[in-house]
Amino acid sequence: MASEIVADAPLPAKEAAQPVAKQPPPEKPADTRRRTHVILSFWFIVLVLGLPIWWKTTSIYRADLPLERMLQWADGKVRMRLHALLDTPQSVSLYATLLLTHFQACRPAFPLQISVRADSIAEQEAQHLVRLTQHALDDLNDFPGHHLRLKLSPKSDRKSPDSSRQDADSALTINLTPGDANSAQLSQRSAVLDMTYAPNSIPSLNTASSALAAYMANELQSTFSEEQSIISYLLSTSSMSSTARQHGLNQEAAESLKKRTTRSLRYAPTYHLSFSLFTDGATPNTWDIDAAINEYMKPMLDVLGPIHNFTIDTQVQLYATPGVQSQILNKEHLASFINAAEWPLSPSIGGAPTVNFIIFVGNQTIGSDSAQVENSQSWMIPQWGSVYLLPLAPTEQHVSTNALKQPLLMFGGHLLTLLGTPQSGSLPLRLSSLARVRTMDLLLRASSSLGSLARLSPSLPSISIPRSVAEGVSSSLQHLEQACANLGGPEGLLHARVAEEEAERAFFEKSMVGQLYFPDEHKIAVYLPLLGPVGVPLVLGLVNEMKNWIKKRKQKAKEAREKKGQ
């Protein structure tokens with residue numbers, strides 16, 4: 001019992017006291033202010049210096065683009081608005097005013113001047129016939145891409161004895177001569193329409209209509225119908241399709257033009273022509289290709305000079321085995337005839353597209369499905385070139401200029417087809433039509449590229465737009481305006497070519513593409529390992545300093561209340 005009483009007795013006061021942790025000395029106010037200043041100085045450097053420098057060095061430069069003007073060119077809105085106003089009574093004044101205020105777009109219409117030479121008709125009667133023909137032509141021609149305007153040639157020009165001579169600055173010259181009936185025939189040497197008129201068909205000065213005027217208007221409409229169809233097709237396949245819907249093509253014509261467009265080469269200012277002689281043996285091993293080109297193709301290439309430039313190279317390849325050994329080739333054999341692995345064809349020189357013209361010496365022909373059509377010797381490969389099968393004697397060592405005449409003439413026709421030249425009319429008329437078609441094509445392609453860039457820029461805010469893109473867009477717009485101001489002339493084609501090149505260069509700028517493959521997840525993965533170790537001490541130090549400041553404020557408030565209570 002005594003032990004239990006002793007165990008239950010209270011412990012002495014000294015043994016009951018617990019050890020107390022030693023508190024640090026109170027912090028001096030100067031040290032507190034110093035710590036606060038250090039933390040605030042770090043945050044000051046981060047906010048005032050670090051963030052602006054980081055923002056400046058990592059921001060994406062986006063040059064300002066005239067998006068509204070680019071979309072207007074792509075959609076043709078201003079052009080269609082002007083076209084609608086032409087049907088109003090105040091069309092002339094409104095058109096002139098809007099053309100000055102909205103000069104950034106234009107109507108793609110070619111002013112074509114038609115000269116009329118009528119040596120055997122009196123001056124007043126000839127003027128009256130031209131006016132009646134112009135009225136009939138305006139009523140007949142509803143295509144907005146052409147403005148056919150007739151004029152009577154001056155007397156000094158009409159006295160020329162050369163009836164096939166074309167008047168300067170005219171797309172076509174009509175040579176009126178008396179005959180037994182109304183007839184018309186295009187000259188094969190120049191852009192001249194030789195037309196005869198029946199006796200007593202010249203309208204008198206007091207008549208309001210004329211059968212001869214209607215006949216002339218129909219012939220002019222027929223002469224430019226193929227060009228109008230091509231331009232309508234180009235408009236229908238572009239964003240400026242409202243005009244094409246009003247003057248649309250039927251399904252058959254559209255399919256035919258689609259095949260021709262697919263077959264022809266994409267426009268380029270320069271093409272490289274490669275002439276190759278291939279043979280499956282050691283003979284022939286020489287040919288007069290330079291003389292043949294100068295005689296049979298150089299005149300046509302010179303005429304094409306204002307539209308395209310050409311560079312030429314030649315080669316001879318011996319022991320070139322074709323992919324098909326049969327003597328008569330079917331159409332399904334043509335695709336495998338060229339042995340690309342063993343026929344070293346010249347590549348593009350200077351970046352220009354290459355047009356290949358191959359003469360294969362061998363006793364082979366291309367069979368025809370129709371028994372009434374003879375076997376042919378050549379065929380054209382779309383967007384590539386042409387092949388001609390030349391039969392020669394096995395002992396022939398040299399290919400003469402005379403033997404190369406038919407192949408080169410065939411190559412000339414295929415080249416015109418590959419360039420997209422219209423098929424009807426004389427060569428000068430076809431080439432002038434080609435210049436206008438190429439101008440329209442380049443205008444539409446440049447406008448389409450500008451519209452695509454204008455829609456791409458706002459949809460992808462993370463890509464950069466360098467200054468070179470803005471300069472290219474500005475240059476393209478300037479040349480588009482100049483091309484529209486000079487439609488129908490060589491200056492229009494030149495400016496359209498530059499506008500298309502500048503628009504393509506701006507759209508395919510390499511520096512813009514790289515930003516598309518750098519998403520935000522990659523940025524987070526780069527910044528977290530760098531900013532994590534630096535940001536955590538700064539944030540925790542600021543949080544602790546805020547807590548101490550709040551605690552001191554509360555303590556001061558408490559002391560103030562206690563003093564007030566005493």
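The structure displayed is predicted, hence computed values, not measured ones.

## Let's talk about the overall build of the chain
Part 1: From N to C terminus, the chain includes 20 helices and 14 strands.
Part 2: Put simply, the chain has 566 residues, and 40% of those count as buried.
Part 3: Look at the contacts in the chain between residues 6 or more apart in sequence, and 75% of them connect residues 24 or more apart.

## Quick word on the environment of P407
Part 1: Note that P407 resides in helix α15 (residues 405–418).
Part 2: Take P407: its relative accessible area is 1%, and that puts it in the buried class.
Part 3: Separated by 48 residues in sequence, P407 and I359 place their C-alpha atoms 7.5 Å apart.
Part 4: Look past the residues within four positions of P407 in its chain and what remains in contact with it is I359, Y388 and L390.

## So, the pattern of salt bridges
Part 1: A complete count under the given rule lists twelve salt bridges for this structure.
Part 2: In this structure, R34 engages D31 in a salt bridge whose closest nitrogen and oxygen atoms are separated by 2.7 Å. Placement of the pair is R34 and D31 together in helix α3 (residues 29–58), with a separation of three residues, close to one helical turn.
Part 3: Accessibility expressed as a relative area gives 31% for D31, which makes it partly exposed.
Part 4: Between R69 and E481 there is a salt bridge; the shortest N-O distance is 2.4 Å. Taken together, the residues span a long stretch of sequence, with R69 in helix α4 (residues 67–75) and E481 in helix α17 (residues 467–485) at a distance of 412 residues.
Part 5: Residues participating in the shared-partner salt-bridge network are R266, D441, R445 and E500.

## Some details on the confidence of the model for the chain
Regions with low pLDDT should not have their predicted coordinates read in detail.
Part 1: This prediction gives the chain a mean pLDDT of 81; 83% of its residues lie at or above 70.
Part 2: Across the chain, element-level confidence peaks in α15 with a mean pLDDT of 95 and bottoms out in helix α6 (residues 91–101) with 37.
Part 3: The model gives residues 1–7 a pLDDT under 50, and that stretch makes zero contacts with residues more than four places away or in other chains.
Part 4: Predicted confidence for residues 78–105 stays below pLDDT 50, and this span has 34 contacts to residues more than four positions away or in other chains.

## Some thoughts on the sheet that holds strand β5 (residues 192–197)
Part 1: Judged by pairing direction, the sheet is mixed, and its five strands sit side by side in the order β2-β1-β3-β5-β4 without closing on themselves. Every interior strand has two partners, whereas the edge strands, β2 (146–152) and β4 (183–186), have only one. Mean inter-strand twist for the sheet, computed between neighbouring axes without regard to direction, equals 20°.
Part 2: As paired elements, β4 and β5 share four bridges and run antiparallel to each other. Its bridge partner being in β5, A184 is matched across the sheet by M195.
Part 3: Of the strands in this sheet, β1 (110–118), β2 and β3 (172–178) are in contact with helix α7 (residues 123–140), which crosses β2 at around 170°.

## Looking at α15
Part 1: The terminal C-alpha atoms of α15, which comprises 14 residues, lie 20 Å apart, in line with the 20 Å expected from a rise of 1.5 Å per residue.
Part 2: Phi turns positive, to about 85°, at G420, one or two residues after α15.

## Some details on the nonpolar core
Part 1: Counting 98 residues, the largest nonpolar core has I174, L176, F275, L408, L415 and V473 as its most contacted members.
Part 2: Examining the composition of this core, we find that twelve residues originate from one element, helix α16 (residues 427–459), more than from any other.
Part 3: Ignoring anything within four residues of it in the chain, the contact list for I174 reads I114, S115, V116, R117, L193, M195, M216 and L220.
Part 4: Counting residues in each nonpolar core, the second largest holds 14 residues, with F278, L329, F337 and F360 among its members.

## Describing the sheet that holds strand β13 (residues 385–390)
Part 1: Overall, mixed pairing links the five strands, which are arranged β8-β6-β10-β13-β12 in an open sheet. Edge strands, defined here as strands with exactly one partner in the open sheet, are β8 (309–317) and β12 (378–381). In this sheet, adjacent strand axes meet at a mean angle of 15° when their direction is disregarded.
Part 2: In the packing of α15 onto the sheet, the strands contacted are β6 (270–279), β8, β10 (354–361), β12 and β13, and the crossing angle to β13 comes to about 160°.

## Remarks on helix α20 (residues 520–565)
Part 1: Along its length, α20 reaches its greatest deviation from straightness, about 50°, at L531, and the proline P533 lies no more than four positions downstream.
Part 2: Turning to α20, its buried residues number three or more, namely L538, G541 and E545.
Part 3: Taken together, the buried residues of α20 touch α3.

## Overview of unusual backbone geometry
Part 1: Look at the link from T283 to P284: it is a cis peptide, with omega at -10°.
Part 2: Tracing the sequence through the fold places P284 in the loop between β6 and β7 (286–287).
Part 3: Of note in the backbone geometry, N200 takes a positive phi value of approximately 60° without being a glycine.
Part 4: Mapped onto the elements of the fold, N200 is located in the loop between β5 and α9 (211–223).
Part 5: By relative accessible area, N200 is classed as exposed at 82%.

## Brief notes about the environment of I114
Part 1: With respect to the secondary-structure elements, I114 resides in strand β1.
Part 2: Judged by relative accessible area, which is 0%, I114 ranks as buried.
Part 3: Along the chain, I114 and L152 lie 38 residues apart, while their C-alpha atoms are 8.6 Å from each other.
Part 4: When residues no more than four places from it in sequence are discounted, the contact partners of I114 are R149, L150, K151, L172, I174, L220 and F224.

The rules behind each value
One numbering rule holds for all chains: residues counted from 1, following each sequence as written. The predicted origin of the model limits local features to residues at a pLDDT of at least 70 and limits the giving and counting of side-chain atom pairs to 80 or more, whereas totals for whole chains, interfaces and linings rest on all residues. Hydrogens and water are ignored here; the side-chain numbers use all heavy atoms of the structure. Runs of H or I in DSSP of at least four residues are treated as helices and runs of E of at least two as strands, each being numbered from the N terminus. To sort residues, take the accessible area from a 1.4 Å probe on protein chains only and compare it with the maximum for the residue type: under 20% means buried, over 50% means exposed, and anything in between is partly exposed. By definition in these notes, contact holds between two residues if any of their heavy atoms fall within 4.5 Å. Only one rule defines a salt bridge in this text: a Lys or Arg side-chain nitrogen within 4 Å of an Asp or Glu carboxyl oxygen. The predictor rates its confidence in each residue with pLDDT, a number between 0 and 100. Strand pairing is assigned whenever DSSP identifies at least 2 bridges connecting the two strands. Between the N-to-C directions of two axes lies an angle of 0 to 180 degrees, each axis being a line fitted to C-alpha atoms and, for a helix, fitted only over the stretch in contact. In this analysis, the expected span of each helix is defined as 1.5 Å times one less than the number of residues it contains. The definition of a nonpolar core used throughout is a set of buried Ala, Val, Leu, Ile, Met, Phe, Trp, Tyr and Cys residues joined through side-chain atoms within 4.5 Å. Bend angle per residue: angle between axes fitted to the 7 residues ending at that residue and the 7 residues starting there.

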